[in-house]
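These are the residues of each chain, in order.
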Amino acid sequence: METTTRKQALIKAIYERLEQAYEDTLEDVIELLDIRKAEDQEDIKALHEGREDIKKNGTIPWEQVKRELASESI
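Small disclaimer: the values here were computed from a predicted structure and weren't measured.

1. Some words on the pattern of salt bridges
For step 1, the next point in the chain: Scanning the model with the defined rule gives two salt bridges in all.
For step 2, the next point in the chain: Ionic pairing is found between R36 and D40, a salt bridge with its closest N-O pair at 3.7 Å. Of the two residues, R36 and D40 are both situated in helix α2 (residues 23–57); the distance of four residues between them amounts to about one turn of the helix.
For step 3, the next point in the chain: Taking the relative accessible area as the measure of exposure, R36 reaches 54% and is therefore exposed.

2. Points about the environment of Q41
For step 1, the next point in the chain: With respect to the element layout, Q41 can be found in helix α2.
For step 2, the next point in the chain: Residues Q41 and L69 lie 28 residues apart in sequence; the distance between their C-alpha atoms is 30 Å.

3. With respect to a negative patch on the surface
For step 1, the next point in the chain: On the surface, a cluster of negative charge is contributed by E23, D24, E27, D28, E31 and D34.
For step 2, the next point in the chain: Mapping E27 onto the fold places it in helix α2.
For step 3, the next point in the chain: On the basis of relative accessible area, E27 is assigned to the partly exposed category, the value being 46%.

Quick notes on the rules
- Residues numbered from 1 in each chain as written.
- Predicted model: local features only at pLDDT ≥ 70, side-chain atom pairs only at ≥ 80, totals over all residues.
- Heavy atoms only, no water.
- Salt bridge = Lys/Arg side-chain N within 4 Å of Asp/Glu carboxyl O.
- Helix = DSSP H or I, 4+ residues; strand = E, 2+ residues; numbered from the N terminus.
- Buried < 20%, exposed > 50% of the residue type's maximum accessible area, 1.4 Å probe, protein only.
- Patch = residues over 30% accessible without salt bridge, like charges linked within 9 Å, V, L, I, M, F, W, Y side chains within 5 Å.
- Areas by Shrake-Rupley, 256 points an atom, 1.4 Å probe, with all protein chains shown as cover.
- Lys, Arg positive; Asp, Glu negative; His and termini not counted.
- Charge placed at Lys NZ, Arg CZ, Asp CG, Glu CD.

And the structure:
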């Protein structure tokens, strides 16, 4: 419930400011939202590809990860 109320308050504040914004500012806002959406889609795609890779190739043992991290810090 708190999240919904906070989101509604943010949307209201944004709307009030957008009503007063210049047209190029509104275009910038749309561009930023589009960029964020594209980044989210890329993240989701990478996550799915990573899961498929793990299914196909298995996982790396934790001991191997620790050894590789230790050798990198030297």
